[in-house]
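# Topology and contacts: notes
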Amino acid sequence: MPDSPEKPVRLSTSAAGARLKPDDLDFEVRRLQRRVDRLVLASQAMWELLREHTELGDEDLTARIHEIHLRDGVSSEGQSRKTVICPECRRPSASKLATCLYCGADFPDAALFDTI
């Protein structure tokens, strides 16, 4: 699914970039939302095809998502990253995240420079 031919607005982190018009930001948010919507649709289609043509079920997908989510248990420097338990849904999550992957709750103790 190719992206629309629209040119993305170049957002800047500099002070000069802070002068972007609200319409430019709205356009960029809408463009990104369209991309996310297409990715969600493609992911759903792929999962339905896999489920129909294999013995895999929703439990397998959920388990794999969880495994991949926690796969970064050790950083490239060899320092262990701990998992945190979400205060809302009680599921484990990678400590580098600022919010829970499952329910979106904020992690109050997330390290400022170690979040995505």
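Reading the values: the criteria
Residues numbered from 1 in each chain as written. Predicted model: local features only at pLDDT ≥ 70, side-chain atom pairs only at ≥ 80, totals over all residues. Heavy atoms only, no water. Helix = DSSP H or I, 4+ residues; strand = E, 2+ residues; numbered from the N terminus. Buried < 20%, exposed > 50% of the residue type's maximum accessible area, 1.4 Å probe, protein only. Contact = heavy atoms within 4.5 Å. Areas by Shrake-Rupley, 256 points an atom, 1.4 Å probe, with all protein chains shown as cover. Patch = residues over 30% accessible without salt bridge, like charges linked within 9 Å, V, L, I, M, F, W, Y side chains within 5 Å. Salt bridge = Lys/Arg side-chain N within 4 Å of Asp/Glu carboxyl O. pLDDT = per-residue confidence, 0-100.

## Let's talk about the overall build of the protein
What the protein contains, in helices and strands, is two helices and two strands. Shown N-terminal to C-terminal, the secondary structure of the protein runs as helices and strands in the order α-α-β-β. Among the 116 residues that make up the protein, the fraction classed as buried is 14%. Counting contacts in the protein only where the partners sit at least 6 residues apart, residues at least 24 apart contribute 20% of the total. Accessible area for the protein stands at about 9,300 Å²; split by element, carbon and sulfur atoms hold 56% of it.

## A short note on a nonpolar patch on the surface
Side chains of Leu61, Ile65 and Leu101 sit close together on the surface and give an oily, nonpolar patch of about 230 Å² of accessible area. Following the sequence through the fold, Leu61 ends up in helix 2 (residues 58-70).

## As for unusual backbone geometry
With a phi angle near 70°, Arg90 is a residue other than glycine that sits in the positive phi range. You can see Arg90 is positioned in the loop between strand 1 (83-85) and strand 2 (92-94). Residue Arg90 is classed as exposed on the basis of its relative accessible area, which comes to 57%.

## Concerning the confidence of the model for the protein
Averaged over all residues, the pLDDT of the protein equals 75, while 64% of them reach at least 70. Predicted confidence is poor over residues 74-80, with pLDDT under 50, and the contacts of this stretch with residues over four places away or in other chains come to six contacts. A low-confidence stretch, residues 110-116 (pLDDT under 50), is modelled with eleven contacts involving residues beyond four sequence positions or located in other chains.

## Observations regarding the pattern of salt bridges
A pair can form between side chains of opposite charge whenever their charged atoms are brought close. Inspection of the entire model under this criterion finds two salt bridges. We note a salt bridge from Arg31 to Glu28, for which the minimum N-O separation is 2.9 Å. Pair noted here: Arg31 and Glu28 are both in helix 1 (residues 22-53), with a separation of three residues, about one helical turn. Of the two residues examined, Arg31 and Glu28, each falls in the buried class. A salt bridge links Arg51 to Asp58, with the nearest nitrogen and oxygen atoms 2.9 Å apart. Under the relative-accessibility criterion, Arg51 is labelled partly exposed at 32%. Taking relative accessible area as the criterion, Asp58 reaches 40% and is therefore assigned partly exposed.

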